[in-house]
Amino acid sequence: MKKKAKVKRVIVLFFFSLFLLLSFSEARVLPVYAVVNCKIFPVSGPPIEKGVIVIRNGLIESIGEEGKIVIPEDAEIIEGEGCFAYPGLIDAHGSFFLETKKEEEPSSERERLPALSPQEKFKPHPEFQVFKSLKPKKSVLESLHRIGFTTVLVVPEEEIFAGQSVLLNLNGEEAQAMVVKNPFALHINFVTNRNTYPTSLMGTMAFLRQSFLDTEHYALHSAFFSRHSKGLRRPEYDPFLESLIPFVAEKKPVVFNCANLEDIKRALILIDEFKLNGYIAGANEAWRVVGHLERAKVPLFISLDYKPPLNSIYATQGEELREKAEKEIYPENPAILSKKGLRFALCSHTLKKSEDILKNVQKAIERGLPREEALKAMTIIPARFLGVDNLLGSLEQGKIANIIFTSGEIFKEGTRVKRVFVDGLSFEVKEPPKAEAPALFNISGRWLAKITSPMGDMEMTLEIEQEGNSILGKILSEFGQWEITDGLITGKELSFTISAMIMGETVELTFKGEAEMDSLVGTFSFMGITAAMRATRIPGENFKRGGIR
Amino acid sequence: MREKIISFMIVLNIITCFAVFSFAQDLLIKNGTILTITQGKIPKGDILIMGGVIRRIADNIEPPPGVKVIDAIGKFVMPGIIDSHTHIALAGVNESGETISSEVKMMDVLNAEDPAIFTALTGGVTMVHTMHGSGNPIGGENVVLKMKWGKPSEEMIVHEALRTLKFALGENPKQANIFSLGEPRYPQTRMGVNAIIRREFLKAKDYLEQWERYDEAKRSKNPPKNLLPPRKDLKLEPLVDMLRGKMVARCHSYRADETLEFIELSKEFGFKIAAFEHASEAFKIADKLVEEKIGISIFLDNWAYKVEASEGIAYNAAYCAKKGVLVSINSDSNERIRRLFNDAAKAMKYGDLSEEEALKLITINPAIQLGVEKIAGSLEVGKHGDIAIFSEHPLSAYTCCEITIIEGEVYFDRAQYLKQREEEKKKEEVKKGLN
């Protein structure tokens, strides 16, 4: 009897997976849209009061005043009354879709410094392409759409040579289809304390210089060798230097992540010394070195993070000054740069929460950055810096259809992004989730769950780890072990998602329900099919933090 | 962790100080007792600084129009104090990832916002030699800075100074006091420290020859088509500069034996040692140091804090100075840096130096060691207007630095600073009262 039920379950799941695949391929046929009746801000020209945008094959087929544009017969018409259309915003320096490793704090000062064995030797990896470790997630995609981002540069975060970034259009969750440019640049951090050489900032500077010098020498040797190979020893193959050649010898972009004003100067020195195609990123202290930046004329990817750097005089001299700095002084950075005529892009940089990004753009405007400059700094300027202004950054015929529709003027309090087009695909933007109420119960621990579905019953064990509102953990069932993701508990309400491998396909099941001290009740849903779950706490087996991984 | 030395209020005060004095490079200091260091004591005189440089030292100088005047009547005016060995104003002190780290430069990691700069000013210090630590046999290239608190880091650098490379002998580089969990690194003995330094210099000689051969070939009438320059090695470049006499050694060493060995090494390769650091056994080899024209940069009365410092004596400075060694007193500390004049005074008690001889330990002597004696270290026409004004004779136990000036700009004014602090306090109290 039980075995029969199991077979039945598997068959049902198989059809569902098939259906899932079909719906995917359907999405690839790009529909034709005509958005009518909206106010258009193309950035590249004056606003159009009542305009039409026709989108075909992922591109802007035509754009202009109503009446002057022919609306194709095959177009799906979208009424845009009351809406404002802008080019999709570009985040020129972020690190979304990357899994962050939890760093373990060194337990003592001794452990952090020397104790170097030859085995621990430094392995630099400038060849690392962040594209290969992308994990696009729907929830992140939605939160970025909510801000108005349609394009992001994903930047690798760790190490001196962090690796190479990738430019993505936020058109779905398939990494390959998202790529606009890969790689864009090599990213460099001024790392201050590592376990192996270089362990210090001065060592990092020396290491960077030596790496650049060696690359130049290697490139020169290779060039000599390809011209007159007779009588010249071949250069010894070096994968590390090989991967630096495009950036050092061939002048592809090199982006220096600058945490403070001294980092900016260090970057400018290196850019000048090695004649690099250098970019400065981060730099929320750019306002303190305006003179340097005016002379250097390098592209700036300015962070929207206004926290004063750790060792800054604004951070070390008491909480009062630090707070004032974060609220009033550092948010003026973009306005000051703009007044000095410096061109810059505004980037999420170290900000992870979507609310903060938008709030901080608004703060910059409050502190004197003209709204239209803010818009340029997130559209056409980053497009130019990223070398894609022929494709993105403004609403023009022939460019990629990355368009956002807002309920009012952009970056104004209360203005909401209602719909975004990315590569011509339409995404409706949902309201942001409401503020989270605190969890009423701590449901960390092991639970015995019973699932009742049309296909029969099933038992499984839940291992849950709760921290504040968020839920992590895994599910152990007879089909295998599945991770719990996006788990949230607000008040009594509990929801989470599990990605399960079923018949070689990854399917997402969502759970919604209520939590009590000793019971969890709710339903799983998957493609319209629901299954009830009732779980009881396994007593005495409270879970310790860290026990899951 | 950097300690929070001064509060937010004080920072605000300093910022306002800058606002008051920011364009003042011209200054007239009147009626002070001038301790010139090199040209005797002037009981009452004036010093005129124009464009940051001392233009006149005389009686009754009329203030040129627009020049700010400081009345120093009853006060003592001396050259700004120079600390020949510190680690302040830096983001990092040791590169501990490798035993030889000659490729690193302190100039790359300046931190102009280190409160220790302000601390230094409160003790009349206007210039410091800020150095790589003593963790490695060969450390990195040091840098000389003026304590221009509030100015960008690059404006603090004294480009006239000698280029110096840090060396270290004894317990620190052989990691005698480090109990590491990993494998011990080479070297673990004093002979190892000497050997590894020697090995690096041999490498540098080789490297220099490679470049010379290349340069020669390049200069020849028909240079070969495939002439490839040698790989540039940043570890060896500073050592080559030492071999060529473009850079000098500053060597951390305590014991007499290893000090002598290092002198032998310098003779073998022909490089110059500007000074030995700490040198608590210098009195044992004073004649040798005089013969070799090598200075020492030491603590006045601080010793026995580790085995290799056990033979230290308080008479070291005075004894060596009288023998003719170029002696300077250093702080090697963010805190001691503000009372170097007290340390100098101790050399009068321990070893009977004269007032002038004692003051030389913290002014002209360190200036000579750093190669900046043409611009600093004494009050002479043509030198930079780097000046400290004291309430009493700087060697008195009751003295206090009141004003510190660099290139004619006031960077620290105790009276004004205290006044502002008082005002801030009152404001704070009013605020509290309202709450």
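The structure presented is a predicted model; accordingly, all values stated were derived computationally and were not measured. The residue numbers shown here count from 1 along each chain, following its written sequence. To read the labels, note that chains go from A and ligands from 1, taken in the order they are written. Residue-level local features of this predicted model are given only where pLDDT is at least 70; pairs of side-chain atoms are given and counted only at 80 or more, and the full residue set underlies all totals for whole chains, interfaces and linings.

1. Focus on the domain arrangement of chain B
Residue and element names in this part refer to chain B.
- Looking at the assigned domains, one finds that chain B contains domain 1 (1-80 + 377-435) and domain 2 (81-375).
- The domain limits used here are those given by an automatic or database domain assignment. When each unit is reduced to the centre of its C-alpha atoms, the spacing between domain 1 and domain 2 is 30 Å.
- On the side of domain 2, 32 residues touch domain 1, which itself brings 25 residues to the contact.
- Runs of H or I in DSSP of at least four residues are treated as helices and runs of E of at least two as strands, each being numbered from the N terminus. Tallying contributions element by element places strand S16 (residues 401-406) first for the side of domain 1 that touches domain 2, with three residues.
- Class assignment of the residues belonging to the side of domain 1 that touches domain 2 gives a composition of 16 nonpolar, seven polar and two charged. Working definition of a contact: two residues with C-beta atoms, positioned from the backbone, lying within 7 Å. Under this grouping Gly is polar, as are all residues other than the nonpolar Ala, Val, Leu, Ile, Met, Phe, Trp, Tyr, Cys and Pro and the charged Asp, Glu, Lys and Arg.

2. Some words on the confidence of the model for chain B
All names here are of chain B.
- pLDDT measures how confident the predictor is about each residue, on a scale from 0 to 100. Mean pLDDT over chain B stands at 93; residues scoring 70 or higher make up 94%.
- The low-confidence segment residues 1-10 (pLDDT under 50) makes 18 contacts with residues lying over four places distant or belonging to another chain.
- Segment residues 12-23: pLDDT under 50, and 12 contacts once partners within four positions in sequence are set aside and those in other chains are kept.
- Listed scores for the predicted complex are pTM 0.83 and ipTM 0.93.

3. Topic: the sheet that holds strand S8 (residues 138-141) of chain B
Residue and element names in this part refer to chain B.
- The six strands are arranged S8-S10-S11-S12-S13-S14 in an open sheet whose pairing can be described as mixed. This sheet does not close on itself; its edge strands, each paired only once, are S8 and strand S14 (327-329). Looking at each pair of strands side by side, their axes are set apart by 20 degrees on average, direction ignored.
- Any two strands between which DSSP finds at least two bridges are classified as paired. Where S8 and strand S10 (residues 164-168) come together, two bridges link them in antiparallel fashion. The residue of S10 that forms the bridge with Glu141 is Leu165.
- Against the sheet, helix H6 (residues 256-269) touches strand S11 (248-253) and strand S12 (273-278), its axis set at about 160 degrees to S11. Think of each axis as a best-fit line through the C-alpha atoms, taken over the contacting stretch in the case of a helix, with angles from 0 to 180 degrees between the N-to-C directions.

4. Quick notes on the environment of Ser354 of chain A
All names here are of chain A.
- The topology assignment puts Ser354 in helix H12 (residues 354-366).
- Distance from Ser354 to Asp305, taken between C-alpha atoms, is 12 Å for residues 49 residues apart in sequence.
- Apart from the residues lying within four places of it in its own chain, the contact partners of Ser354 are Ser143, Leu144, Arg146 and Ile147.

5. A word on unusual backbone geometry
Residue and element names in this part refer to chain A.
- In this structure, Pro183 follows Asn182 across a cis peptide bond, with omega equal to -10 degrees.
- Across the junction of Tyr197 and Pro198, the peptide omega takes the value -10 degrees, indicating a cis bond.
- Within the element layout of this structure, Pro198 appears in the loop between strand S11 (186-189) and helix H5 (201-227).
- Residue Asp423 is not a glycine yet carries a positive backbone phi of 50 degrees.
- On the secondary structure map, Asp423 appears in the loop between strand S17 (417-422) and strand S18 (425-428).

6. Quick word on the sheet that holds strand S9 (residues 143-146) of chain B
Residue and element names in this part refer to chain B.
- On the basis of which strands lie adjacent, the open sheet formed by three strands has the order S6-S7-S9 and mixed pairing. The strands lining the two open edges of the sheet, one partner per strand, are strand S6 (81-86) and S9. Mean inter-strand twist for the sheet, computed between neighbouring axes without regard to direction, equals 20 degrees.
- Sheet topology places S6 next to strand S7 (residues 125-130); four bridges connect them, and they run parallel. Within the sheet, the bridge partner assigned to Ile81 lies in S7 and is Val125.

7. As for the interface of chain A and chain B
- On the chain B side, the residues contacting the 37 residues of chain A number 37 residues.
- Per-element accounting of the side of chain A that touches chain B gives the leading share, 13 residues, to H5 of chain A.
- When grouped by side-chain class, the residues that make up the side of chain A that touches chain B number 16 nonpolar, 16 polar and five charged.

8. Things to note about helix H6 (residues 239-248) of chain A
All names here are of chain A.
- Of the residues making up H6, those classed as buried are Leu241, Leu244, Phe247 and Val248. Seen end-on, H6 carries its buried residues on one side only, within an arc spanning 105 degrees.
- In this structure, the buried residues of H6 make contact with S11, H5 and strand S12 (253-258). Each residue is classified by how many other C-beta atoms fall within 10 Å of its C-beta atom, where C-beta atoms are placed from the backbone; a count of 20 or more means buried, 12 or fewer means exposed, and values in between mean partly exposed. Taking the helix axis as origin, the arc is that swept by the directions to the C-beta atoms.

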